[in-house]
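So you can see what is in the structure, the chains are spelled out below.
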Amino acid sequence: MALRKIVTSEDASLYKHCREVTKFDERLHTLLDDMRDTLESADGVGLAAPQVGVLRRAVIVLETNVPEGEHPYVIELINPEIVEKSGEQYGPEGCLSVPGRYGLVERPMEVTVRAQDRYGKRFEVKGEGLTARCFCHELDHLEGVVFTSIADRMLTNEELETGSWMDDEDTEDVAE
Ligand code: NI
């Protein structure tokens, strides 16, 4: 296992469509293990393969909605697709590839994703709140979409610190 370099918004890898994973082999497992280490080291909640320069449809998301006393755990999603979504949430979103910057993005409140695990086995997983936001954000990366291009607007540090962005008229449904 090793840390990989997270590319930032100048890197072309972030704006490309990623290809399907077809081999569930050692190389994929190493990539996922490295992504786990890299996410943990960066203290993030999600990471997509293109953020470490690999243009394949693989992401990891930290499930933080766990019962009290339990630890958050990483969900690995290979060739993921959203099959159901409901509700909405509006709030600040950030990205390890855009360090220190946050923008207001509307996302569904609940999202169900169908994906494969690292061995190719198909499964479905549901996420709510931050996890749903994270599923959407990471899946966008696989289409070459960075949140800055879909944010209503970016926030200033002051707005972030004071929470004054909540005064925006359409923020009834605030997440996080
Ligand atoms: Ni991101």
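Higher on the page you've got the structure.
Predicted, not measured: the structure shown is a model, and the values here were computed from it.

Chemist: Explain the overall build of the chain to me, please; I cannot follow it from the model alone.
Modeler: Looking only at helices and strands, the chain has 3 helices and 8 strands in total. Order of helices (α) and strands (β) in the chain, N terminus to C terminus: α-β-β-β-β-β-β-β-α-β-α. Taken against the 2.2 N^0.38 rule, which gives 16 Å for 176 residues, the C-alpha radius of gyration of the chain at 16 Å falls within 12% of a compact globule. Considered along the principal axes of its C-alpha atoms, the chain spans approximately 50 × 35 × 30 Å. Relative to its 176 residues, the chain shows a buried fraction of 47%. Restricting the contact set of the chain to residue pairs at least 6 apart, pairs at least 24 apart contribute 65%.

Chemist: How should the nonpolar core be read in this particular structure?
Modeler: Across soluble globular proteins, you tend to see nonpolar side chains buried next to one another. With 16 residues, the main nonpolar core has Val-59, Leu-77, Val-111, Val-113, Val-125 and Phe-135 as its most contacted residues. Where this core is concerned, the elements lending two or more residues are strand 2 (58-63), strand 3 (73-86), strand 6 (110-116) and helix 2 (130-142). Top contributing element to this core by residue count: helix 2, with 6 residues. Beyond its immediate stretch of four places on either side in the chain, Val-125 contacts Ile-75, Leu-77, Val-111, Thr-112, Val-113 and Phe-135.

Chemist: Got a minute to help me understand helix 2 in this structure?
Modeler: Because an α-helix packs 3.6 residues into every turn, residues spaced three or four apart end up facing the same way. Over its 13 residues, helix 2 extends 19 Å from the first C-alpha to the last, a length consistent with the 18 Å expected when each residue adds 1.5 Å. For helix 2, the buried fraction is high: 12 of the 13 residues fall into the buried class. Every buried residue belonging to helix 2 is among Thr-131, Ala-132, Arg-133, Cys-134, Phe-135, Cys-136, His-137, Glu-138, Leu-139, Asp-140, His-141 and Leu-142, and all of these are buried. Once helix 2 finishes, Gly-144 follows within two positions and takes phi at roughly 80°, a positive value.

Chemist: For this particular structure, what's the right way to read the coordination of the nickel ion?
Modeler: The reference angle at a metal is 109.5 degrees if four donors form a tetrahedron and 90 or 180 degrees if six donors form an octahedron. Protein-derived coordination of the nickel ion comes from Cys-95 (SG), His-137 (NE2) and His-141 (NE2), at a distance range of 2.0 to 2.2 Å. Expressed as a motif, the donor residue spacing for the nickel ion is C-x41-H-x3-H. Here the residue Cys-95 occupies a position in the loop between strand 4 (89-93) and strand 5 (103-107), and His-137 occupies one in helix 2, the gap between them amounting to 42 residues. With respect to class, Cys-95 is no different from His-137; both count as buried.

Chemist: Can you help me understand the state of the cysteines in this one?
Modeler: Put plainly, a disulfide is one covalent bond tying together the sulfur atoms of two cysteines. By the definition in use, this model includes 0 disulfides. With no disulfide of its own, Cys-18 has Cys-95 as its nearest cysteine by sulfur position, at a separation of 13 Å. Between Cys-136, a cysteine without a disulfide, and Cys-134, which holds the nearest cysteine sulfur, the sulfur-to-sulfur distance is 9.3 Å.

Chemist: Would you mind going over the pattern of salt bridges with me for this structure?
Modeler: Opposite charge on two side chains permits pairing when their charged atoms draw close. Within this structure, the stated rule accounts for 10 salt bridges. The residue Glu-93 makes a salt bridge to Arg-107 at a minimum N-O spacing of 2.8 Å. Of this pair, Glu-93 sits in strand 4 while Arg-107 sits in strand 5, and the two are 14 residues apart along the sequence. Glu-93 gets classed as buried once you look at its relative accessible area, which sits at 3%. In this structure, Glu-159 and Arg-153 form a salt bridge, with 3.0 Å as the shortest nitrogen-oxygen distance. Assessed through its relative accessible area of 29%, Arg-153 is described here as partly exposed. Here the salt bridges do not stand alone but share partners, grouping Asp-33, Arg-36, Glu-76 and Arg-118 into one network.

Calculation rules
Residues numbered from 1 in each chain as written. Predicted model: local features only at pLDDT ≥ 70, side-chain atom pairs only at ≥ 80, totals over all residues. Heavy atoms only, no water. Helix = DSSP H or I, 4+ residues; strand = E, 2+ residues; numbered from the N terminus. Rg over C-alpha atoms; globule rule 2.2 N^0.38 Å. Buried < 20%, exposed > 50% of the residue type's maximum accessible area, 1.4 Å probe, protein only. Contact = heavy atoms within 4.5 Å. Core = buried A, V, L, I, M, F, W, Y, C linked by side-chain atoms within 4.5 Å. Expected span 1.5 Å × (residues − 1). Donors = N, O, S within 2.8 Å, 3.2 Å for Na, K, Ca; no water. Disulfide = S-S within 2.5 Å. Salt bridge = Lys/Arg side-chain N within 4 Å of Asp/Glu carboxyl O.

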